[in-house]
Amino acid sequence: MSPPNNTSQSKALEGVHGVHMLHHSPFSFEEITQYGDFDQSTCRHSSGANHRLIITRVWQQRPSCMRPIQCSLHGDQSVAETIANVLTSLPFIGLGLQAPRKNLSCKLYANSLIGVGVASSLYHSSRGKLRKYLRWVDYTMIATTTVFLSRALRNENPKLLMAATALCLPIQPLMVSAVHTGMMEISFAKRALKDPDLRMAHNLHKMSSLVGGVLFIADDIFPSTPYLHAAWHLAAAVGVGTCHKLLE
């Protein structure tokens, strides 16, 4: 028996739905859909996977201010450092008790300062898993204080800003603190230009803010260096104390 003819094979297959034989190339074929288009599901799947990979990489490289806070479970390096951090948290309670309380916004700001001192003291004296939650409370109280301070200085903040603040406060307290601290700094600088009595307080505020910023970054880069955090507490307390001049 002789082998079947290729031409008759191709004609037979031509009648099969979805198969189209390429003549003059017995090893090539094209699969087509019922609509006459080539099947590109594999290409689409590969393209979609590449897009998801790109989006994932961009999301993983987002700035730290756009990430939820990462709470450390590590305690202070020694008992002496714990004591120093607790003691340097207490000035915020004193600042809250001495802050002007001429209206509701000022009262909320003053009480939130007391909350900062209490939260910081509890965080630094805590150990174990509880420390993670108290770190979140500490960050959130600091952010809340900056919100109340900007509210006390401006009397009324844009509704969209306050809505975004309420949304971000539980998950991005550091970003909230940065935004409202920036608003306070602008307001302080503008008023110091107009009022000579505020210039000395503003100069002290700028110096303490600069020192505090350096200490904050150094504490993040060199976490094992003792007493950096306590020093930041003191610089921040001086800066906060100068803000009281704006509320008098």
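Residues numbered from 1 in each chain as written. Predicted model: local features only at pLDDT ≥ 70, side-chain atom pairs only at ≥ 80, totals over all residues. Heavy atoms only, no water.

Peer 1: I'm lost on the packing of helix H5 (residues 104-125) against helix H6 (residues 130-154) in this one. Help?
Peer 2: Axis angle and axis distance: for two packed helices, these are the angle between their axes and the distance between the axes, and together they describe the pair. Running from N to C, H5 and H6 point in directions that differ by 160°, and their axes come no closer than 8 Å. It follows from the interaxial angle that H5 and H6 lie roughly antiparallel. The way H5 lies across H6 gives a crossing that is left-handed. Here the contact of H5 with H6 is composed, by residue class, of 15 nonpolar, six polar and four charged. (Axes fitted to C-alpha atoms, helices over the stretch in contact; angles between N-to-C directions. Helix = DSSP H or I, 4+ residues; strand = E, 2+ residues; numbered from the N terminus. Parallel < 35°, antiparallel > 145°, perpendicular 65-115°, else oblique. Left-handed = near helix turned anticlockwise from the far one by under 90°. Nonpolar A, V, L, I, M, F, W, Y, C, P; charged D, E, K, R; others polar.)

Peer 1: Where do I start with the pattern of salt bridges in this structure?
Peer 2: Pairing is possible between side chains of opposite charge, provided their charged atoms come close. Under the counting rule described, the total for this entry stands at one salt bridge. The residue Arg 135 makes a salt bridge to Asp 138 at a minimum N-O spacing of 2.1 Å. Here the residue Arg 135 and the residue Asp 138 both occupy positions in helix H6, the gap between them amounting to three residues, near one helical turn. Overall, the relative accessible area of 9% leaves Arg 135 in the buried class. (Salt bridge = Lys/Arg side-chain N within 4 Å of Asp/Glu carboxyl O. Buried < 20%, exposed > 50% of the residue type's maximum accessible area, 1.4 Å probe, protein only.)

Peer 1: Just checking my understanding: could you explain the confidence of the model for the protein chain for this structure?
Peer 2: The predicted coordinates of low-pLDDT regions are not to be read in fine detail. Mean pLDDT for the protein chain: 80, with 71% of residues reaching 70 or above. The secondary structure element of the protein chain with the lowest average pLDDT is strand S2 (residues 29-31), at 45, and the one with the highest is helix H4 (residues 90-98), at 96. Of the regions scoring below 50 in pLDDT, residues 22-39 engages in 17 contacts with residues more than four places distant in sequence or in other chains. (pLDDT = per-residue confidence, 0-100. Contact = heavy atoms within 4.5 Å.)

Peer 1: Is there a simple way to think about the environment of Ala 237 in this case?
Peer 2: With respect to the helices and strands, the residue Ala 237 is situated in helix H10 (residues 228-247). Residue classification places Ala 237 among the buried residues on the basis of a relative accessible area of 11%. Along the backbone, Ala 237 and Leu 90 are 147 residues apart, and their C-alpha atoms lie at a distance of 9.6 Å. Once you skip the residues sitting within four places of it in the chain, Ala 237 turns out to touch Pro 91, Phe 92 and Leu 95.

Peer 1: Please explain the packing of aromatic side chains as it appears in this structure.
Peer 2: In this description, a pair of aromatic rings is defined by centroid distance and the angle of the planes. Taken as a whole, this structure holds one aromatic pair when the rule is applied. Measuring from centroid to centroid gives 5.3 Å for Phe 216 and Trp 232, while their planes differ by 50°, and the two rings are tilted. Of the two residues, Phe 216 is situated in helix H9 (residues 199-221) and Trp 232 in helix H10; the sequence distance between them amounts to 16 residues. Given the relative accessible area of 39%, Phe 216 is considered partly exposed. On the basis of relative accessibility, which here comes to 18%, the residue Trp 232 falls in the buried class. A cation over a ring is seen here: Arg 131 above Tyr 123, with NZ or CZ 4.1 Å from the ring centre. Its guanidinium or amino end placed over the ring of Tyr 139, Arg 135 lies 4.2 Å from that ring's centre, counting from NZ or CZ. (Phe/Tyr/Trp six-rings, centres within 6.5 Å; stacked < 30°, edge-to-face > 60°. Lys NZ or Arg CZ within 6 Å of the ring centre and 35° of its normal.)

Peer 1: Would you mind going over helix H8 (residues 173-194) with me for this structure?
Peer 2: Counting along an α-helix, one turn takes 3.6 residues, and residues three or four places apart therefore face a common direction. Given a rise of 1.5 Å per residue, 22 residues ought to cover 32 Å, and the 32 Å separating the end C-alpha atoms of H8 matches this to within 8%. Listed in full, the buried residues belonging to H8 are Pro 173, Val 176, Ser 177, His 180, Met 183, Met 184, Ser 187, Phe 188 and Ala 192. Along H8, the residues classed as buried sweep out an arc of 165° about the axis, all on the same side. Away from its buried face by more than 90 degrees, H8 exposes Ala 178, Ile 186, Lys 190 and Leu 193. (Expected span 1.5 Å × (residues − 1). Arc of directions from axis to C-beta.)

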